[in-house]
Protein chains: 2
Amino acid sequence: MEPSLATASIAKHLQSVLPATGRESLATSVLPALLDSIAAISEALRSAHHVALAGGTNAFGDDQLNVDVAAERLVREALARCDTVATASSEEDPVERTVCSGSSSSSEVYTVGFDPLDGSSIIAPNWTVGTIAGVWDGATALGSRPADAQVAAVLGVYGPRTTAIVALRGVPGQQRPVCLDLGYTASPGAGHWDIIHDKVSLVSATPPKVRYFAPANVRAAAEDRSYQDLILNYITSKYTLRYSGGLVPDLVHMLTKGHGVYLSPVTAISKAKLRRLYELCPVALVIECADGKAVDAATGEPVLDTPLAHTDERGGLICGTSDEVDRAVKSLIQRVAES
Amino acid sequence: MEPSLATASIAKHLQSVLPATGRESLATSVLPALLDSIAAISEALRSAHHVALAGGTNAFGDDQLNVDVAAERLVREALARCDTVATASSEEDPVERTVCSGSSSSSEVYTVGFDPLDGSSIIAPNWTVGTIAGVWDGATALGSRPADAQVAAVLGVYGPRTTAIVALRGVPGQQRPVCLDLGYTASPGAGHWDIIHDKVSLVSATPPKVRYFAPANVRAAAEDRSYQDLILNYITSKYTLRYSGGLVPDLVHMLTKGHGVYLSPVTAISKAKLRRLYELCPVALVIECADGKAVDAATGEPVLDTPLAHTDERGGLICGTSDEVDRAVKSLIQRVAES
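Rules of the game
- Numbering of residues starts from 1 in each chain and follows the order in which that chain's sequence is written.
- Chain letters start at A and ligand numbers start at 1, both assigned in the order the entries are written.
- At least 70 in pLDDT is required for a residue's local features to be given in this predicted model, at least 80 for side-chain atom pairs to be given and counted, and no such filter applies to totals for whole chains, interfaces and linings, which use all residues.
- Hydrogens and waters are ignored; side-chain quantities use all the structure's heavy atoms.
- Strands are runs of DSSP state E lasting at least 2 residues, helices are runs of H or I lasting at least 4, and numbering of each runs from the N terminus.
- Summary of the burial criterion: residues with accessible area below 20% of their type's maximum are buried, those above 50% are exposed, and those between are partly exposed, where the area comes from a 1.4 Å probe applied to protein chains only.
- Pairs of residues are marked as contacts when any of their non-hydrogen atoms sit within 4.5 Å.
- Copy-to-copy superposition: least squares on the C-alpha atoms, limited to residues that have pLDDT of at least 70 in both copies.
- What counts as a ring pair is set by centres within 6.5 Å for rings of Phe, Tyr and Trp (its six-membered ring), and what kind of pair is set by the plane angle: stacked under 30 degrees, edge-to-face over 60, tilted for all other angles.
- Strands are labelled as partners when DSSP assigns at least two bridges between them.
- Axis geometry follows a simple rule: fit a line to the C-alpha atoms, using only the stretch in contact for helices, then measure angles between N-to-C directions, giving values from 0 to 180 degrees.
- The directions considered for the arc are those from the helix axis to the C-beta atoms.
- UniProt positions are given in the numbering used here, feature names are shortened, and annotations may be inferred rather than shown by experiment.
- In these notes, a set of buried Ala, Val, Leu, Ile, Met, Phe, Trp, Tyr and Cys residues joined through side-chain atoms within 4.5 Å is what counts as a nonpolar core.
- Simply put, the buried area is the total loss of 1.4 Å probe accessible area from both parts when two parts are fitted together.
- Whenever a carboxyl oxygen of Asp or Glu lies within 4 Å of a side-chain nitrogen of Lys or Arg, that contact is scored as a salt bridge.
- Any pair of nitrogen or oxygen atoms within 3.5 Å is treated as a polar contact; in protein, a donor-acceptor pairing is required on top of that, and neighbouring residues in sequence qualify only through side-chain atoms on both sides.
- Only Asp, Glu, Lys and Arg are considered charged, only Ala, Val, Leu, Ile, Met, Phe, Trp, Tyr, Cys and Pro nonpolar, and every remaining residue, Gly among them, polar.

What is the right way to read the environment of Arg76 of chain B from this model?
All names here are of chain B. Secondary-structure assignment places Arg76 in helix α4 (residues 67-79). Classification of Arg76 as partly exposed rests on a relative accessible area of 23%. Sequence-distant contacts of Arg76, that is, excluding residues within four places in its chain, are made with Ala88, Ser89, Ser90, Asp93 and Phe114.

Help me understand the relation of the copies chain B and chain A in this model?
Between the two copies of this chain, the relationship is a rotation about some axis together with a displacement along it. The two copies are related by a screw motion: chain B maps onto chain A through a turn of 180° and a shift of 0.0 Å along the axis, at an RMSD of 0.0 Å. Here the transformation between the copies is reduced to the relation of a two-fold axis. Among all residues of chain B, the minimum C-alpha distance to the rotation axis is found for Gly159 of chain B, at 2.2 Å. A shared interface surface links the copies, since 100% of the contact residues of chain B are contact residues in chain A too.

Can you walk me through the packing of aromatic side chains in this structure?
Here the distance between the centres and the angle between the planes together describe a pair of aromatic rings. Applying the stated criterion across every chain, the model contains six aromatic pairs over all chains. With a centroid separation of 5.3 Å and an interplanar angle of 50°, the aromatic rings of Tyr184 of chain B and Trp193 of chain B are classed as tilted. Given a relative accessible area of 11%, Tyr184 of chain B falls into the buried group. A residue is classified by how much of its surface remains accessible, and Trp193 of chain B, at 0% relative accessible area, is buried. One aromatic cluster is present, formed by Phe213, Tyr234 and Tyr239 of chain A through successive ring pairs.

Can you help me understand the sheet that holds strand β4 (residues 129-137) of chain A in this one?
The strands that make up a sheet are held in pairs by hydrogen bonds between backbone atoms, and each pair lies either parallel or antiparallel. Residue and element names in this part refer to chain A. Taken in spatial order, the eight strands make up an open sheet running β2-β1-β3-β4-β5-β6-β7-β8, and their pairing is mixed. Because the sheet does not close on itself, it has two edges, and the strands there are β2 (93-98) and β8 (192-197). Between one strand axis and the next, the sheet turns by 20° as a mean value, whatever way the strands run. With five bridges connecting them, strand β7 (residues 178-185) and β8 associate as antiparallel partners. Within β8, the position partnered with Gly183 by the bridge is Asp194.

Before we go on, may I ask you to explain helix α1 (residues 8-17) of chain B in this structure?
All names here are of chain B. Every buried residue of α1 is accounted for by Ile10, Ala11 and Leu14. One side of α1 holds all its buried residues, which, seen down the axis, span an arc of 100°. Away from its buried face by more than 90 degrees, α1 exposes Lys12 and Ser16. Lining the buried residues of α1 we find α2 (24-46), β6 (162-168), β7 (178-185) and β8 (192-197).

Got a minute to help me understand the UniProt feature "domain: Fructose-1-6-bisphosphatase class 1 C-terminal" (unreviewed entry) in chain A in this structure?
Per the UniProt record, the feature "domain: Fructose-1-6-bisphosphatase class 1 C-terminal" (unreviewed entry) sits at residues 207-330 of chain A. Secondary structure content for residues 207-330 of chain A is 37% helix and 18% strand, and the end C-alpha separation is 21 Å.

Even after reading the chapter, I still don't get the nonpolar core, so can you show me in this structure?
Among soluble globular proteins, nonpolar side chains are generally buried collectively. Counting 122 residues, the largest nonpolar core has Tyr262, Leu317 and Ile318 of chain A together with Tyr262, Leu317 and Ile318 of chain B as the members making the most contacts within it. Leaving out residues up to four positions away in the same chain, Leu317 of chain B has contacts with Leu247, Tyr262, Leu263, Ser264, Pro265, Leu274, Leu280, Val283, Ala294, Val295, Ala297 and Val303 of chain B.

Any chance you could explain the interface of chain B and chain A here in plain terms?
Think of interface size as the accessible area that goes away when the parts come together; that is how it is often given. Tallying the contact residues gives 58 residues for chain B and 59 residues for chain A. Where chain B abuts chain A, roughly 5,200 Å² becomes buried across the two surfaces, and 60% of that area is made up of carbon and sulfur atoms. Of all residues in chain B, the largest losses of buried area upon contact with chain A belong to Arg46, Asn126 and Arg161 of chain B, amounting jointly to 17% of the total for that side. Scanning the region where chain B abuts chain A turns up four salt bridges. For Glu223 of chain B, the salt bridge goes to Lys238 of chain A, with nearest N and O atoms at 2.3 Å. Viewed at the interface, chain A and chain B are joined by 30 residue pairs in polar contact (both at pLDDT 80 or more). Of the residues forming the side of chain B that touches chain A, the biggest block, six residues, is contributed by helix α7 (residues 247-257) of chain B. Classifying every residue of the side of chain B that touches chain A by side-chain character gives 29 nonpolar, 19 polar and ten charged.

I would appreciate a short explanation of unusual backbone geometry in the present structure.
Leaving glycine aside, a negative phi is the common case for residues, and trans is the common case for peptide bonds. Even without being a glycine, Asp291 of chain A presents a positive backbone phi close to 70°. Tracing the backbone through its elements, the reader meets Asp291 of chain A in the loop between α8 (276-289) and β13 (293-296). The phi dihedral of Asn126 of chain B is positive, around 65°, even though this residue is not glycine. Checked against the element boundaries, Asn126 of chain B lands in the loop between β3 (110-118) and β4 (129-137). For Asn126 of chain B, a relative accessible area of 1% puts it in the buried group.

Take a look at the structure:
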């Protein structure tokens, strides 16, 4: 498949940074298709006033379809045009289903795991929400180490603008990690994606002037003293709070500012909620490609080190600027283990 | 001035809820003009990728103008078409300057105080931001009690959708308070505003399932023990945290959910930051028209009770669901006064 006009310049850039052979379709078909679907979802959301308020009923007519269902459909339609995408599964339908069955002449075969519309609790108040997708080598994401098998990830961001983060895994000697910030400009018949920043990074040459923290599920801190103490510590250390409750905007905030820590801890009472295939693995790849760290909130191990056993696995998350992640791990995991 | 096609149905609704005489121009001209400018700002923001990142330089061409400046210009251009708006002033230019000088045949005379683009720190990460405007009787907002003189307020919300809250002051025996939630649907040459909710309220018949808190400037809690204790109390009482750092999205979140408390306290070290004319008075009118409370964070007195002495006055804010505001006032002001 040729990339759409809207994604032509992005496809060209991806071709220039990916190895010369073996990833053509990732650059010219799979990632452009995901960007096309993000542009289409942003257009669908723009007029979805009643949908957002109804919270997912479709009793009022065409423009009031459940936005999650509409987003799911738009991603699947875009992937169906990619002959190297063998299967796909999503947070809405967590089964790896066949997309294309062997029509490709390419040696490339991918599966895509995605969350079509993350942040449902903040759609009604018109806050920024997002799409999350991971692209994996092979026809299944199960059984392999995500650090090896997940080759790319995309975050779509629906706010005042439509933007996206595209991350490409690093492979020593072959492929440097890439983390791009893209912006979509809508225009009748001629919308296009452009690169806004070609090196998104959580590391800066000078110490950050403002330090940010995003504590998810603070209700867990009611029972978990170590989480409560850590939050208090950020406050007394004069960190700035930014927490929207949407995983995509919360991570994109830190990526844009170049600093931050996001915490979604797991406690005895507060179970793991984030899905590994549709949320944790793609965002971990993005954070790692931006020079940050993403670890499991229960073990402190890198999210991408543990193979997936099934598509609905869940976990907690600590991610962001490396030294901030280390500090949070020390407070939330090591201290607890020692006590 | 006739309302634009985009605002015709809203103007008709406003005419039906405002008194039969004396407010024609508010319904058919001033509020429609503000809604037109909000629609125009949302379009300008949609493609302002470089602006957002550059943070206000205009060295790269037409589409990279400072977005604050562009928003300011769009509001002023819209107001210039209203022959009953005598003066206007804004957070960007805090002087009440003449807009129309006596060309009106109407007995209505208004001044508008506005913040064209609130939330500059969260524009780069593509989070929801907003516009705030208050409409006041007379050619100046200074000297009168805001509860009497400020007749309407508008919040524009730029997120995945473009929405707005419109509030009309209540006048016993003449005018019930009104708080509308509107949605804008863009369309080449034929965009339009529609009413999504005609009664936004912070009071619900049943107790809220989820209680929300939005603590602004948590760094102030580093020195202020009463603020720190209040935040901890929300956490241990299992309130849900939602804090974007944008005044408009933070308030619209609670208005949409029907519950919440927003805190921007003033402490010995953390000075008052919110501008009374451009931020506090308009949002206080919105919150009151939605059956909530908005009080000064230093005194606990209603924001709208104290006349403005000058256009650049500042203050702190506690607002939201009434019993939540009372509780916060007790913790932050009364306890401190007694100690």
